[in-house]
Amino acid sequence: MKRDRRPRSLLAAAAGLAALAPVYYLTEAAARCLRAGHTAFTPAPTGLAFLAAVAVIVTLLTARPAAALGCGVPLMAAGVLFALDLDAAMGLAATLPWARTGGLPWSPPGGAPWAELAEPPGTLAGISGLYALIGGLLVLSALSRARRRSILDV
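No experiment lies behind these values; they were computed from the predicted model shown.

Caption draft 1: Spatial organisation of the pattern of salt bridges. This model, assessed by the stated rule, comprises 1 salt bridge. Of the charged contacts in the structure, one is a salt bridge between arginine 32 and glutamate 28, with a shortest N-O distance of 2.6 Å. Highlighted residues: arginine 32 and glutamate 28, both in helix 1 (residues 6-40), separated by 4 residues, approximately one helical turn. Note on accessibility: arginine 32 and glutamate 28 belong to one class, buried.

Caption draft 2: Fine view of the nonpolar core. Counting 26 residues, the largest nonpolar core has Tyr24, Ile134 and Leu138 as the members making the most contacts within it. Those elements giving two or more residues to this core turn out to be helix 1, helix 2 (45-61), helix 3 (65-84), helix 4 (86-93), helix 5 (123-127) and helix 6 (130-148). If one sorts the elements of this core by residue count, helix 1 sits on top with 9 residues. Isoleucine 134 has contacts with Val23, Thr27, Val54, Val58 and Leu75, leaving out every residue within four places of it along the chain.

Caption draft 3: Quick look at helix 2. The end-to-end C-alpha distance of helix 2, which contains 17 residues, comes to 24 Å, matching closely the 24 Å that a straight helix rising 1.5 Å per residue would cover. When we look at burial in helix 2, the residues that qualify are Gly47, Phe50, Val54, Val58 and Leu61. Angularly, the buried residues of helix 2 cover 80° about the axis, an arc narrow enough to put them on a single face. With respect to the buried face of helix 2, the exposed residues turned more than 90 degrees away are Pro45, Leu48, Val56, Thr59 and Leu60.

Here is what the cut-offs are and how they apply
- Residues numbered from 1 in each chain as written.
- Predicted model: local features only at pLDDT ≥ 70, side-chain atom pairs only at ≥ 80, totals over all residues.
- Heavy atoms only, no water.
- Salt bridge = Lys/Arg side-chain N within 4 Å of Asp/Glu carboxyl O.
- Helix = DSSP H or I, 4+ residues; strand = E, 2+ residues; numbered from the N terminus.
- Buried < 20%, exposed > 50% of the residue type's maximum accessible area, 1.4 Å probe, protein only.
- Core = buried A, V, L, I, M, F, W, Y, C linked by side-chain atoms within 4.5 Å.
- Contact = heavy atoms within 4.5 Å.
- Expected span 1.5 Å × (residues − 1).
- Arc of directions from axis to C-beta.

This is the structure:
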């Protein structure tokens, strides 16, 4: 008897979409920490920790192709938008949550802002190509898994 795999795929795609916000904001936080460390000519272990968190989430997403596509396609689209039209991308990023306050979802209230108001969340990671790279890797992981599947799999 065949089981319907559509509900699992829909659930995996929803999990991928839910992971989009943490991947987006953690990548931006990592890019900002690394930039601050580079400017001050000091190590940036916090940036490395944020990138490690992104790597863990991305690794978990690659377990299901639908989850990888659910997060990878919008992330790659954001990266392509930053590469092709910076003004439009910054205008779109300025509409995201936490853009006007300069804080992160996990920032303590009243803490120091993590971003300048002229730099909406995602600007640094988008300009540097991190979103395009991470999104592209997620999409490629989903596509390569689909190619490896046998036509005999049920």
